[in-house]
Amino acid sequence: EDKVVQSPLSLVVHEGDTVTLNCSYEVTNFRSLLWYKQEKKAPTFLFMLTSSGIEKKSGRLSSILDKKELFSILNITATQTGDSAVYLCAVRLTSGTYKYIFGTGTRLKVLA
Amino acid sequence: NAGVTQTPKFRILKIGQSMTLQCAQDMNHNYMYWYRQDPGMGLKLIYYSVGAGITDKGEVPNGYNVSRSTTEDFPLRLELAAPSQTSVYFCASSPSGTSGTDTQYFGPGTRLTVL
């Protein structure tokens, strides 16, 4: 059975801290891995990763994929209260279905 | 572009009632999806469609039905609502697998309560 597991489930940090969120997967027919941010509404897209070892960056956020060890990390440096959200990891499959399998998410709370 | 739109935003149903959640996208995406999200949980796939006239079950299809008569619209039908269907429902769309991008676009969600 295809699955995506995120850790930790929740995290509380103070402003300025750096956090690392983890996503591991076991799927047959991997195509890509995506990270989303969800703040009490619809998820918004952060990154799409398809190749191992190539870091994607956007401001204070960065992410990298390891296709050999089947995991990805999302780093947030110099956290701000506006980073408080649930971060979702999803894997898109191939072989005709192109479905997405989501993890349960990591709930991040950043304290002022 | 309006992106992905969903109606209604909120709904309360009584046990045994039926309703249709509407979803439309104006990005000419072939792929559309329905998810439910229970409190503190990730997204569970209910049904998906790879094009007009083609639908398939996801992880949790029981109690739901879908149709896809046009590229733009993908309604989700709940028959005989049960309290276990209380959840937030998200519709999403994405380009086809040959487009080079896998970004999925989400609607704003429908919060459904079954009492």
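Before reading on, note that the structure itself is shown above.
Here the structure is a predicted model, which is why all the values come from computation and not from measurement.

A. Quick look at the overall build of chain A. Summing up its helical and strand segments, chain A has zero helices and eleven strands in all. Mapped from its N terminus to its C terminus, chain A presents α and β elements in the order β-β-β-β-β-β-β-β-β-β-β. The C-alpha atoms of chain A give 14 Å as radius of gyration, which agrees with the globular expectation for 112 residues (13 Å, within 12%). Overall, the C-alpha framework of chain A stretches about 45 × 30 × 20 Å when taken along its three principal axes. A separation threshold of at least 6 residues defines the contact pool for chain A, and within that pool the share at least 24 residues apart is 55%. Summed over its atoms, the accessible surface of chain A is roughly 5,400 Å², and 51% of this surface lies on carbon and sulfur atoms.

B. Spatial organisation of the interface of chain A and chain B. The partner chain B presents 24 residues to the 21 residues of chain A that form the contact. At the junction of chain A and chain B, the tally comes to two salt bridges. Residue Arg31(A) pairs with Asp102(B) through a salt bridge whose shortest N-O separation is 2.8 Å. Summed over the shared surface of chain A and chain B, the number is nine residue pairs in polar contact (both at pLDDT 80 or more). When residues of the side of chain A that touches chain B are traced back to their parent elements, those giving at least two are strand E4 (30-38), strand E5 (44-49), strand E9 (85-93) and strand E10 (100-102) of chain A. With five residues, E4(A) is the largest single contributor of residues to the side of chain A that touches chain B. Each residue belonging to the side of chain A that touches chain B can be placed in one class, and the counts come to ten nonpolar, six polar and five charged.

Conventions used here
- Residues numbered from 1 in each chain as written.
- Chains lettered and ligands numbered in written order.
- Predicted model: local features only at pLDDT ≥ 70, side-chain atom pairs only at ≥ 80, totals over all residues.
- Heavy atoms only, no water.
- Helix = DSSP H or I, 4+ residues; strand = E, 2+ residues; numbered from the N terminus.
- Rg over C-alpha atoms; globule rule 2.2 N^0.38 Å.
- Contact = heavy atoms within 4.5 Å.
- Areas by Shrake-Rupley, 256 points an atom, 1.4 Å probe, with all protein chains shown as cover.
- Salt bridge = Lys/Arg side-chain N within 4 Å of Asp/Glu carboxyl O.
- Polar contact = N/O pair within 3.5 Å; in protein donor to acceptor, adjacent residues only side chain to side chain.
- Nonpolar A, V, L, I, M, F, W, Y, C, P; charged D, E, K, R; others polar.

All quantities given are derived from atomic positions and should not be read as evidence of function.
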